[in-house]
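What follows is each chain in one-letter form.
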Amino acid sequence: MNAHLPDTETIVVVDYGGQTAQLIARRVREHGVYCELIHHDAPPERVETLAPRGFILSGGPNSVYDDGAPKLPDWLGSGEVPVLGICYGMQLLAHAHGGTVAPSQHREYGLAEVKLDVDLPLFRGLPPSMTVWMSHGDRVESLPDGFRPLGHTDNAPLAIMGDPERDAYAVQFHPEVVHTPRGSELIRNFVLDVCGCRGDWTSAHFIETAVAEIRDEVGDGQVLVAVSGGVDSSVMAALVHRAVGDRMLALFIDHGLLREGEREEVATLCEGLGIEVRMIDAEVAFLKALDGIRDPEQKRRAIGETFVRTFEREAAAVGEYGFLAQGTLYPDVIESATTSDTQAAHKIKTHHNVGGLPDDIEFQVIEPLRYLFKDEVRRVGRELGLMESTVMRQPFPGPGLAVRILDAVTPEALATLRAADAIVRHEIEAAGPEALGDQFPWQYFAVLTPLRSVGVMGDQRTYGQLVAVRAVTSMDGMTADWARLPHDLLGRIANRVVNEVDGVNRVAYDITSKPPGTIEWE
Ligand code: XMP
């Protein structure tokens, strides 16, 4: 599946391994221009099909003088297409065109004031002096051929350089990060004014092209979609449905590890969209596979295998479906394209998704969301008319409540956790983003621990279980901090859990950040 149609203007971010390379792509897209990250040594064919209107060279961990340091790719051409180098990208441009790069006497990490020394379309709307985020060791010492100085900081006389005749520019700071408050405007000016893009890549445009591509690919075939109730699979199902209508079937495998009300929500969602859904009751099979397992990784494996077996059986039972739609997103695509085997070996947890299907599957797989970031998926969902509660739904792990029971998974433990979790979710949602502001958690749930402690209720001594509440703020789940929830909200949660959930007599709040903790407890 290729998201690129001839009328889609594209900017290519040349990826040199910088931590913020993905952010550059997101910033470009925020200005309505489609953008892809391409590894710096990708083959030329990969780039030619995209016919880029501009290149942005990302930052990266290397020094241009390192042995084997990444170079400018040949497919960058020699000045036909506008280019913007960022940090390492700037140093590369300088090095490749006859300038010099040297370790800076003052390594610059943190905020700096950059003064813009000339008036150019690239600087449209920007103040003469602005705060920027620097993070570099090396810096450009002498200009490459044809370039002139465009801006400076106290530490870096060449903080911005450019050759406006060739539409080549470079900045030593990072315009893509929020710590460069006006950086997004600089990126906008580059893609709209320098590269001349229209900026019309919107959710509506995406839907139109994606629908056309799905129709093209599927022809008069039939599509099977595995839905989980999560944002990605819901948006994907709605999109595929718009493309092929009744020639699709949604499969929902109820593994019995769901939160309260979740199955009903999936049914309502599909009904609202006019999607035929087949609910598969597989709780017995999953509980059997999980019987007596306490080890988190073993649990994940048992669930993954049972999911695959169940899916295969059910897919065979429904008959002639040639296509399977999966909810893969762009970060997964980038990760699998750039992660080496050694990095992959450091995987902290085995993730299981509805996408975790066998490799030798007999379907032709379509991945209509493979070029989108999560926030874009949400926008597409809204444009497709999905309910806000679906679009903004918090992430929920594929193995469900099983990884929130720190013990063997039993129907009783599931019932206890489900009841406690419903209270946590209800109370936090009732407080709402308005009251909680930036502390409204990105993810929030209950964990059932096997710890027992003594309590007293009425005149009775109790000996019950400990429930932990986890609520974190995060951008993407990669790092997270514990949400500073108001004490009275935590008090209400504790009170209700202890009073309403049988067998629980104590509640603790988890105040560990990630790292060193993880979001889930297993
Ligand atoms: P951790 O616990 O690794 O979680 O900090 C990061 C994010 O990933 C979610 N998560 C999963 N999602 N399948 C999923 O689809 C999984 O197996 C899985 N394990 C963790 C977790 O809920 C959090 O949002």
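The structure reproduced in this document is the subject of the present report. Note that the structure is a prediction, hence the values are computed from the model and not measured.

Some points on the pattern of salt bridges
For the coordinates displayed, the defined rule picks out 28 salt bridges. Among the salt bridges present, the one from Asp-193 reaches Arg-124, with a minimum N-O distance of 2.5 Å. In this pair, Asp-193 sits in helix α4 (residues 183-194) while Arg-124 sits in the loop between β5 (100-116) and β6 (129-142), placing the two residues 69 residues apart along the sequence. Look at Arg-124 and you get partly exposed, because its relative accessible area is 40%. With a shortest N-O distance of 2.5 Å, Arg-263 and Asp-281 are connected by a salt bridge. Note that Arg-263 is positioned in helix α7 (residues 262-273) and Asp-281 in strand β12 (residues 277-281), a separation of 18 residues in sequence. Its relative accessible area of 61% is what places Asp-281 among the exposed residues. Each of Glu-9, Arg-53, Arg-198 and Asp-200 takes part in a single network of salt bridges with overlapping partners.

Focus: the sheet that holds strand β10 (residues 223-226)
Spatially, the five strands line up as an open sheet ordered β12-β11-β10-β13-β14, and their pairing is parallel. Two strands bound the open sheet, and with one partner strand each, they are β12 and β14 (364-366). Averaged over all pairs of adjacent strands, the angle between strand axes in this sheet comes to 25 degrees, irrespective of strand direction. Along the sheet, α7 contacts β11 (248-254) and β12; its crossing angle with β12, the most-contacted strand, is approximately 165 degrees.

Here's the deal with helix α15 (residues 487-500)
Between its terminal C-alpha atoms α15 stretches 20 Å, which fits the 20 Å expected from 14 residues at 1.5 Å a residue. Burial in α15 covers these residues: Leu-489, Leu-490, Ile-493 and Val-497. An end-on view of α15 places all buried positions within 100 degrees of arc, on one side of the element. Counted as exposed and oriented over 90 degrees from the buried face of α15: His-487, Asp-488 and Asn-499. Turning to α15, the residues buried within the fold contact α14 (411-436), β16 (460-473) and β18 (504-509).

Description of empty space enclosed by the protein
This model, assessed by the stated rule, comprises two cavities of 30 Å³ or more. Here the second largest cavity is characterised by a volume of approximately 50 Å³. Surrounding the second largest cavity, Asp-7, Thr-8, Glu-9, Gly-32, Val-33, Tyr-34, Gly-199, Asp-200, Trp-201 and His-205 form its lining. Classifying every residue of the lining of the second largest cavity gives three nonpolar, four polar and three charged.

What counts and how
Residues numbered from 1 in each chain as written. Predicted model: local features only at pLDDT ≥ 70, side-chain atom pairs only at ≥ 80, totals over all residues. Heavy atoms only, no water. Salt bridge = Lys/Arg side-chain N within 4 Å of Asp/Glu carboxyl O. Helix = DSSP H or I, 4+ residues; strand = E, 2+ residues; numbered from the N terminus. Buried < 20%, exposed > 50% of the residue type's maximum accessible area, 1.4 Å probe, protein only. Pairing = 2+ DSSP bridges. Axes fitted to C-alpha atoms, helices over the stretch in contact; angles between N-to-C directions. Contact = heavy atoms within 4.5 Å. Expected span 1.5 Å × (residues − 1). Arc of directions from axis to C-beta. 1 Å grid on protein atoms, 1.4 Å probe; cavity = no way out; pocket = protein on both sides within 12 Å on 5 of 7 lines; lining within 4 Å. Points joined across faces, edges and corners; volume = space filled by probe spheres on them. Nonpolar A, V, L, I, M, F, W, Y, C, P; charged D, E, K, R; others polar.

Worth remembering: the numbers are spatial, not functional.
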